[in-house]
Protein chains: 2
Amino acid sequence: MDPHLLRTFIAVATTGSFSAAAAELGYTQSAVSQHIAALENSLGTALLTRRPVAPTPAGERLLEHAGAILLRIEAARADVRRVVGEPPGEIVFAATPLAGATRVARALTQLRQTRPGIAVTFEVARRDEVARGVASGAYHLGLVDGIAAPSDPLKLPDVGAVRTSAVAQDKLVVVLPDDHPLARRKRLGLPALVDARWIDAPDVAAPLPDLRAATETDGIRAALTYSGTDILCLLALVAAGHGLAVLPASLDLPADVAAVPVHAPRLVHRTELLYGHLDEPQATDLVAALTAPAIRRTN
Amino acid sequence: MDPHLLRTFIAVATTGSFSAAAAELGYTQSAVSQHIAALENSLGTALLTRRPVAPTPAGERLLEHAGAILLRIEAARADVRRVVGEPPGEIVFAATPLAGATRVARALTQLRQTRPGIAVTFEVARRDEVARGVASGAYHLGLVDGIAAPSDPLKLPDVGAVRTSAVAQDKLVVVLPDDHPLARRKRLGLPALVDARWIDAPDVAAPLPDLRAATETDGIRAALTYSGTDILCLLALVAAGHGLAVLPASLDLPADVAAVPVHAPRLVHRTELLYGHLDEPQATDLVAALTAPAIRRTN
DNA sequence: AATGCTTACGAACAGCGTAATGATG
DNA sequence: CATCATTACGCTGTTCGTAAGCATT
């Protein structure tokens, strides 16, 4: 279970080819073959079928762990370096698309005020990319959002050394076309919507599995899957009648879609700050800045 | 960050001695020295002071990660073996002291019914020992308890491949001496008890840090710490007036202590089944057996 | 001086590449 | 027969133990 072996195992499993993995890792075919043989030998079981190259059941299982293990090691290294090394010359801040533009802006303001000389980079990424990046030190700060029960923490991938603070909890809305029969309702329960047409846009709206878990049904089915991260694009899809989506209530919406509050007992949109690599006082200042009451527009 | 190096680092840091670590691991002093040197070299920083041998700040940080990394690797290995190997000839079941005797008994009944020929071992351990053991395959099943907000999962040590199911949520009681001024109250709020004398018995009662987190104060201070796992002993300490403790309401109590329900808004005693190494249908059967309505004694 | 970590050095081993071999479509 | 994984083999670098060195109590 040498990390090197795990790394090449991941490469082989994802590329589906020993030679491609070798090229990717800068090894030779032969070395990759030896790595896999060593790993299979040490675990006493075949991990990959050859021709075609694909993980066996045992390999599937290992694959679930391998990435997490490497990430954990990387996180440890980053954490140690943080204690030792001088403070970074640049701060990289990552957020998920729905983390909230105003909050992001405020975080950036706070960062640039407290560290005048330091360059700040901002980046949008998917939720687990942010989590992994913060854990491994690629990002210094992350803002992630997701669906959870009130005051529950978000379910982040097993990532280790990342500290989190809740930053906001918003209500949820169902977004539907403006001319949808339900668009004028004051509120909607999710059970009533189980049989609706849904757009599954896990990177930009509430992921359907989360909704399924919350409603404890498995009737919520995706009519269309959108894997991009562009909210406007998703809203256009909704407006065009391709399906519904659940979004945080805090968004500004265009006129051709309607938003109806979701009346789900234990379901909120939650935003969390991830700050594995920032010292505690700075982090609390930042959380304070982010949780400060917003200047709300009346509309 | 070779796992072997991490392992010897842990051994050195915990024993406080290179030679003792060498003896523990079956290496020679010299090898241990080289391991540590290699690790420090690869991280570019000193991890241990010599004479006396103690972790530096960077070492402390690494130490927090090292165990988790090794555990994660062990969990992966155990998980793969589970897919491959034949079913174990013996089932080892571990539970925390407060997981509930009746529930434990029921779990054992269920296990022995579904697998008539198989020996079952039962063991009591601390919460993170159970979690680690289940993750690494040392235990096949675990039942752990703890304090949490309703329907929140328990905060278990970062353990990776363990699946959990909630099995029960009990109310909490404050246990006090029978002649305590508050003993006749119908219920008590934790804030009112902030300045009381508490017994910190993290392995057998609600750990004070959990209560502090729940009350959002830091006034709950331990007058006495009890690190054993014997409930009767703890109750005797309470009866003798050494302090209060918070326990699940489902316990049977002796006559010389009184139990007053805790009126804390979002605080319950929760029991979870950990079943990393049991297949899904068996696990759900077991959860069903455990969550079935109890035969309640009226008293 | 004794204890205990470090360094030097040689032997055993493991890891990688080249190249030959084997299997599969 | 072409592609791609495996095996054979030699080289290199790493790891461990023995033994000598060195620092601290």
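Only a predicted model underlies this, so the values are computations on that prediction, with no experimental measurement involved.

### Quick look at the UniProt feature "domain: HTH lysR-type" (unreviewed entry) in chain A
Part 1 of the argument: Per the UniProt record, "domain: HTH lysR-type" (unreviewed entry) is found at residues 1-56 of chain A.
Part 2 of the argument: Regarding residues 1-56 of chain A, the helix share stands at 64% and the strand share at 7%, and the terminal C-alpha atoms are separated by 17 Å.

### Points about the protein's contact with DNA strand C
Part 1 of the argument: Surrounding DNA strand C, one finds 17 residues, the nearest of these being T28, H35 and R51 of chain A together with F18 and R50 of chain B.
Part 2 of the argument: Per the 4 Å cut-off to the protein, sugar and phosphate atoms form 53% of the nearby atoms of DNA strand C.
Part 3 of the argument: Taking F18 of chain B, its main chain carries an N or O atom lying 3.0 Å from a phosphate oxygen of DNA strand C.
Part 4 of the argument: Between a phosphate oxygen of DNA strand C and a side-chain N or O atom of S19 of chain B, the distance comes to 2.8 Å.
Part 5 of the argument: Of all the elements in the fold, those that place two or more residues in the surface near DNA strand C are α3 (29-43) of chain A together with α2 (18-25) and α3 (29-43) of chain B.
Part 6 of the argument: Counting residues per element, the surface near DNA strand C draws most heavily on α3 of chain A, at 4 residues.
Part 7 of the argument: Each residue belonging to the surface near DNA strand C can be placed in one class, and the counts come to 4 nonpolar, 10 polar and 3 charged.

### Thoughts on the packing of aromatic side chains
All names here are of chain A.
Part 1 of the argument: Counted according to the given criterion, the structure contains 2 aromatic pairs over all chains.
Part 2 of the argument: Here the aromatic rings of F93 and F122 are separated by 5.7 Å at their centres, their planes lie at 35 degrees, and the arrangement is tilted. Pair noted here: F93 is in strand β3 (residues 90-95) and F122 is in strand β4 (residues 119-124), with a separation of 29 residues, a long-range link.
Part 3 of the argument: Given the relative accessible area of 37%, F122 is considered partly exposed.

### Things to note about the nonpolar core
Part 1 of the argument: By size, the foremost hydrophobic cluster in this structure holds 50 residues, and its most contacted members are L62 of chain A together with L62 of chain B.
Part 2 of the argument: Counting only elements with at least two residues in this core, the list comes to α1 (3-15), α2 (18-25), α3 and α4 (57-84) of chain A together with α1 (3-15), α2, α3 and α4 (57-84) of chain B.
Part 3 of the argument: The contacts of L62 of chain B, once residues within four sequence positions are left out, are A76 and V80 of chain A together with M1, L6, F9, L39, L43 and L47 of chain B.

### Quick look at the pattern of salt bridges
Part 1 of the argument: In this structure the tally under the stated criterion is 21 salt bridges over all chains.
Part 2 of the argument: The residue E129 of chain A makes a salt bridge to R126 of chain A at a minimum N-O spacing of 3.5 Å.
Part 3 of the argument: The partner of R103 of chain B in a salt bridge is D170 of chain B, and the shortest N-O contact between them spans 3.5 Å. One end of the pair, R103 of chain B, is in helix α5 (residues 101-114); the other, D170 of chain B, is in strand β6 (residues 164-170), with 67 residues separating them in the sequence. The same class applies to R103 of chain B and to D170 of chain B, which are both buried.
Part 4 of the argument: Residues joined in a network through salt bridges with shared partners are R126, D128, E129, R132 and D203 of chain A.

### A few points about the protein's contact with DNA strand D
Part 1 of the argument: As a matter of local geometry, DNA strand D sits amid 17 residues, with F18 and R50 of chain A together with T28, H35 and R51 of chain B nearest to it.
Part 2 of the argument: In DNA strand D, the atoms that sit within 4 Å of the protein are 54% sugar and phosphate, with bases accounting for the remainder.
Part 3 of the argument: Only α2 and α3 of chain A together with α3 of chain B provide two or more residues apiece to the surface near DNA strand D.
Part 4 of the argument: It is α3 of chain B that provides the largest number of residues to the surface near DNA strand D, a total of 4 residues.
Part 5 of the argument: Within the surface near DNA strand D, the residues separate by chemical class into 4 nonpolar, 10 polar and 3 charged.

### Here we look at the confidence of the model for chain A
Part 1 of the argument: Confidence along chain A averages 82 in pLDDT terms, with 91% of residues attaining 70 or more.
Part 2 of the argument: pLDDT under 50 marks residues 295-299 of chain A. Its contacts with residues more than four places away, or in other chains, come to 1 contact.

### Looking at the sheet that holds strand β5 (residues 141-148) of chain A
All names here are of chain A.
Part 1 of the argument: With mixed pairing, the 5 strands of this open sheet are ordered in space as β4-β3-β5-β12-β6. The outermost strands of the open sheet, each flanked by one partner alone, are β4 and β6 (164-170). Here the strands of the sheet are splayed against their neighbours by 20 degrees on average, with no regard to which way each runs.
Part 2 of the argument: The pairing of β3 with β5 spans 3 bridges and is classified as parallel.

Conventions used here
- Residues numbered from 1 in each chain as written.
- Chains lettered and ligands numbered in written order.
- Predicted model: local features only at pLDDT ≥ 70, side-chain atom pairs only at ≥ 80, totals over all residues.
- Heavy atoms only, no water.
- UniProt positions renumbered as here; feature names shortened; annotations may be inferred.
- Helix = DSSP H or I, 4+ residues; strand = E, 2+ residues; numbered from the N terminus.
- Near = heavy atom within 4 Å.
- Polar contact = N/O pair within 3.5 Å; in protein donor to acceptor, adjacent residues only side chain to side chain.
- Nonpolar A, V, L, I, M, F, W, Y, C, P; charged D, E, K, R; others polar.
- Phe/Tyr/Trp six-rings, centres within 6.5 Å; stacked < 30°, edge-to-face > 60°.
- Buried < 20%, exposed > 50% of the residue type's maximum accessible area, 1.4 Å probe, protein only.
- Core = buried A, V, L, I, M, F, W, Y, C linked by side-chain atoms within 4.5 Å.
- Contact = heavy atoms within 4.5 Å.
- Salt bridge = Lys/Arg side-chain N within 4 Å of Asp/Glu carboxyl O.
- pLDDT = per-residue confidence, 0-100.
- Pairing = 2+ DSSP bridges.
- Axes fitted to C-alpha atoms, helices over the stretch in contact; angles between N-to-C directions.

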